[in-house]
Amino acid sequence: MTKNTYRAGPDSDGRFGIFGGRFVSETLMPLILDLEKAYQASKTDPDFQAEFDYLLAEFVGRPSPLYLAERLTEHLGGAKIYFKREELNHTGAHKINNCIGQILLARRMGKTRIIAETGAGQHGVATATVCARFGMKCVIYMGEKDIERQKPNVFRMKLLGADVVPVTCGSQSLKDAMNEAMRDWVANVDDTFYIIGTAAGPHPYPELVRDFQSIIGTETRTQIMEKEGRLPDSLVACVGGGSNAIGLFHPFLDDDIAMYGVEAAGYGIDTDKHAASLTGGRPGVLHGNRTYLLMDDDGQITEAHSISAGLDYPGIGPEHSWLHEIKRVTYVPITDKEALSAFQLCCEYEGIIPALESAHAIAYVIKLAPTLPKDHIMVMNLSGRGDKDIFTVATALGTEI
Amino acid sequence: MAVTRIEQKFADLKKQDRSALITFTTAGDPDYDTALGILRGLPAAGADIIELGMPFSDPMADGPAIQAASIRALDAGMTAVKTLQMVRDFRTQDQTTPIILMGYYNPIYIYGTDRFLNDALEAGVDGLIIVDLPPEEDQELAIPAKAQGMACIHLATPTTDQARLGQILENASGFLYYVSIAGVTGTAEPDLGPVKVAVDMIRQQTNLPVAVGFGIKTPENVRAFAEIADAVVVGSAIVNIIAANIDQEGLANPALGSRVLDFVGTLAQAVRS
């Protein structure tokens, strides 16, 4: 008998409880089985692991610091707050960790063309970056609405040699970009590898994205032991698809640590303009997995809304759905407004411009930390930097740049 | 067990020594009444089996034509409940033409799988093609469907090898649908040669009739593929006629129905020549 653990999933069918699975067309099924095989083989291949570690250190710049947010801690007057500085990674977010892992898998499988979906553009930039680094052709699908609100990242992707394809169907945001990427994949099965940007999609994507992102939690564990001589009391991370959150949480799931996943509540979860799939959705099937989704009574997926393009997705990774149902992780909503003021506070008190996605996590820290004692250690994942968001923030604040 | 409508249809066609024409239209495209009118006219126009699309907000396996049809239908208020009602309405006039619902799993899952199977059978649905349920997920729908007497039509594709084919056939019923291209609906035209090789491979492993679809658009295509398969499916080309006969507000041109059925007539000639 193995001991009880929250870290054993998914099972051989790709399930975390009832969530996950492989809900894809038959054309794609042999491809994801090949991917699963290649991924399993890579896990025990020391050369693969060594190259992954080398690239994370020398190309990404890891480990990222675990930084004591001194002034914010003092200002809030409660828990001691650490930021895991994923925004200092090459390309400015945690997304690159996963892209390095997946492009190594793509090369291992003999694929030469990479496709990806992107919302805020962070995953698109990270994908375009690794494609340039490895000399692979790169096609990024991005909703037309997101192209409009994330112009700097669109230009970055183009500089990196990627072909950015505007998606004009549906809500013209992340879910539609994912639909279009899957349509591309099904039509280009021989040479194409799909780098999914979050811990969602058909098995084995939720597992492998989580594993590549788990470097965040693994480093945090070592760093907090060095700094504090003990594990933290709580972890906080924003959740869209949930890759930065699962990357921080997973190495700690079996420890006695409170965890908070922060969903984007847009205008509020009592409106129809939010992206909080756990708080405001229910289990359904989309994009290859069963998970919590925003939908109407007929099972039609509804459009999500968040001021943050990276959280503007009507679903969430299946492992989060499971962690929610078994109540291992607490998921909380934060509105656009709360995220905006947290964004400003972080700029003013810490000298760090956070991504609007990460500002959701900061907003929850602002709510939670003052209620906790000073010896409570809290780690928040500062998953991305906010340069890309300054136009959105300026508009929201009524300022012209 | 009683002979199903699908089995009866293929048996009748065998006597006539010809392949079946399967037409695809989306339920509720461009509106309920127009779509029902087309549905009711299809058998007389020469459709042997009817595939009726259940609209979905995120049709990942479909090309632009059927995506647009799905959106038109949803905008006109179509739901799973109304799709079943449309089949019920059709069955008041036609008891023999098989109807297959084609779509994605989420609307069925949300309806409640058992309740959906029950209501669909009662409405007169003969089979289901759910594109995002590969054999790995047969326990979701294919196995309960088979138990209740609903055909669950499985897909084989150019990426399916012999070993997977065995797995696909395990819970397949009604007929087998060979997807003639690696791609989405209504895009690339398939080549006859490789499709024939695949259909022959399938025939060695099953007695189920084999239908071929995806990218088949013209009477000439239909004639060619009818030579090698038991049924030929045309979807996007029909749906395109609907798209071309609605105005900017989405209202149907009065001639829409007859134009669709005339085109189906030319396809029907092709399977009969």
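Residues numbered from 1 in each chain as written. Chains lettered and ligands numbered in written order. Predicted model: local features only at pLDDT ≥ 70, side-chain atom pairs only at ≥ 80, totals over all residues. Heavy atoms only, no water.

*Asks:* Whenever I open this one, the overall build of chain A confuses me. Can you help?
*Replies:* Helix and strand counts for chain A stand at 16 helices and 14 strands. Its C-alpha atoms give chain A a radius of gyration of 19 Å, near enough to 21 Å, the size a compact globule of 401 residues would have. For chain A, the spread of C-alpha atoms along the principal axes amounts to about 55 × 55 × 45 Å. Partitioning the contacts of chain A with sequence separation of at least 6, the portion at a separation of at least 24 is 72%. A total accessible area of about 14,000 Å² is found for chain A, and carbon and sulfur atoms account for 51% of it. Charge separation in chain A, taken as the distance between the mean sites of 39 positive and 52 negative side-chain charges, equals 2 Å. (Helix = DSSP H or I, 4+ residues; strand = E, 2+ residues; numbered from the N terminus. Rg over C-alpha atoms; globule rule 2.2 N^0.38 Å. Contact = heavy atoms within 4.5 Å. Areas by Shrake-Rupley, 256 points an atom, 1.4 Å probe, with all protein chains shown as cover. Lys, Arg positive; Asp, Glu negative; His and termini not counted. Charge placed at Lys NZ, Arg CZ, Asp CG, Glu CD.)

*Asks:* I tried to follow the pattern of salt bridges on my own but got confused; where do I start?
*Replies:* Counted by the stated rule, this structure contains 39 salt bridges over all chains. Among the salt bridges present, the one from A:D211 reaches A:R210, with a minimum N-O distance of 3.0 Å. In this structure A:D211 comes out as partly exposed when scored by relative accessible area, which is 23%. Residue classification places A:R210 among the buried residues on the basis of a relative accessible area of 4%. With its nearest N and O atoms 3.3 Å apart, the salt bridge here joins A:R210 to A:E319. With A:R210 in helix α9 (residues 205-213) and A:E319 in helix α13 (residues 318-325), this residue pair connects regions lying 109 residues apart in the sequence. Residue A:E319 is classed as buried on the basis of its relative accessible area of 3%. Three or more residues joined by partner-sharing salt bridges are found here, namely A:R15, A:R290, B:E137 and B:E140. (Salt bridge = Lys/Arg side-chain N within 4 Å of Asp/Glu carboxyl O. Buried < 20%, exposed > 50% of the residue type's maximum accessible area, 1.4 Å probe, protein only.)

*Asks:* Please explain the side chain of B:E137 as it appears in this structure.
*Replies:* Assignment of secondary structure puts B:E137 in the loop between β4 (127-130) and α7 (142-148). Ignoring any residue separated from it by four or fewer positions in sequence, one finds B:E137 in contact with A:R15, A:G21, A:R22 and A:F23.

*Asks:* I tried to follow the confidence of the model for chain B on my own but got confused; where do I start?
*Replies:* Should pLDDT be low for a region, the predicted coordinates there are not to be read in detail. Residues with a pLDDT of 70 or more make up 100% of chain B, whose mean pLDDT is 96. ipTM for the predicted complex: 0.96, alongside a pTM of 0.96. (pLDDT = per-residue confidence, 0-100.)

*Asks:* Would you mind going over the nonpolar core with me for this structure?
*Replies:* Buried together is how nonpolar side chains tend to be arranged in soluble globular proteins. Counting residues in each nonpolar core, the largest one holds 121 residues, and the members touching the most others are A:I100, A:M157, A:Y194 and B:Y177. Apart from the residues within four sequence positions on either side, A:I100 is in contact with A:F52, A:L55, A:L56, A:F59, A:V60 and A:V130. Of all hydrophobic cores here, the second largest spans 73 residues; its members include B:I38, B:I242, B:I246 and B:L267. (Core = buried A, V, L, I, M, F, W, Y, C linked by side-chain atoms within 4.5 Å.)

*Asks:* Explanation requested: the packing of aromatic side chains in the structure shown.
*Replies:* Where two aromatic rings form a pair, the distance of their centres and the angle of their planes describe that pair. Throughout the structure, instances matching the rule amount to 13 aromatic pairs over all chains. With 6.3 Å between their ring centres and 55° between their planes, A:Y194 and A:Y205 make a pair best called tilted. Placement of A:Y194 in strand β8 (residues 192-194) and of A:Y205 in helix α9 is noted, with a sequence separation of 11 residues between them. The class for A:Y194 is buried, based on a relative accessible area of 0%. Between A:Y260 and A:Y364, the ring centres sit 5.4 Å apart and the planes meet at 45°, which makes this aromatic pair tilted. With A:Y260 in strand β10 (residues 258-266) and A:Y364 in helix α15 (residues 356-368), this residue pair connects regions lying 104 residues apart in the sequence. Judged on exposure class, the residue A:Y260 and its partner A:Y364 are both buried. Counting every residue linked through ring pairs, the aromatic cluster contains A:F23, B:Y105 and B:Y109. One residue, A:R133, lies across the ring of A:F59, its end atom 6.0 Å from the ring centre. Lying across the ring of B:Y111, B:R115 places its NZ or CZ 4.3 Å from the centre. (Phe/Tyr/Trp six-rings, centres within 6.5 Å; stacked < 30°, edge-to-face > 60°. Lys NZ or Arg CZ within 6 Å of the ring centre and 35° of its normal.)

*Asks:* Explain the environment of A:D191 here, please?
*Replies:* Residue and element names in this part refer to chain A. Residue position: D191 is located in the loop between α8 (174-187) and β8. Exposure remark for D191: the relative accessible area of 31% places this residue in the partly exposed category. On a C-alpha basis, the gap between D191 and G110 in space is 7.7 Å, while along the polypeptide they are 81 residues apart. Each residue touching D191, except ones within four places of it in the same chain, is listed here: K111, T112 and R113.

*Asks:* Is there a simple way to explain the interface of chain A and chain B in this structure?
*Replies:* Note on interface size: it is often stated as the accessible area lost on association of the parts. On the side of chain B, 36 residues touch chain A, which itself brings 37 residues to the contact. Counting each side, the surface lost to burial between chain A and chain B is near 2,800 Å², with a carbon and sulfur contribution of 53%. Area buried by chain A at its contact with chain B is led by A:E26, A:R183 and A:D298, which between them contribute 24% of it. The interface formed by chain A and chain B contains 5 salt bridges. Across the salt bridge formed by B:E140 and A:R15, the nearest N and O atoms sit 3.2 Å from each other. Here chain A and chain B share 19 residue pairs in polar contact (both at pLDDT 80 or more) between them. Every element with two or more residues in the side of chain A that touches chain B is listed here: β2 (19-23), α1 (29-43), α8, β11 (282-286) and β12 (288-293) of chain A. With 8 residues, the single largest contributor to the side of chain A that touches chain B is α8(A). Here the residues of the side of chain A that touches chain B sort into 18 nonpolar, 8 polar and 11 charged. (Buried area = accessible area lost by both parts, 1.4 Å probe. Polar contact = N/O pair within 3.5 Å; in protein donor to acceptor, adjacent residues only side chain to side chain. Nonpolar A, V, L, I, M, F, W, Y, C, P; charged D, E, K, R; others polar.)

*Asks:* I'm lost on the packing of helix α2 (residues 32-45) of chain B against helix α4 (residues 80-91) of chain B in this one. Help?
*Replies:* Between two packed helices, both the angle of their axes relative to each other and the distance between the axes serve to describe the pair. All names here are of chain B. Contact geometry for α2 and α4: axes closest at 10 Å, N-to-C directions at 40°. For the element pair α2 / α4, the angle class is oblique. Handedness of the α2/α4 crossing: right-handed. The segment α2 lies against α4, with Y32, A35, L36, L39, R40 and P43 engaging K82, Q85, M86, D89 and F90. Residue composition of the contact of α2 with α4, by class: 7 nonpolar, 1 polar and 3 charged. (Axes fitted to C-alpha atoms, helices over the stretch in contact; angles between N-to-C directions. Parallel < 35°, antiparallel > 145°, perpendicular 65-115°, else oblique. Left-handed = near helix turned anticlockwise from the far one by under 90°.)

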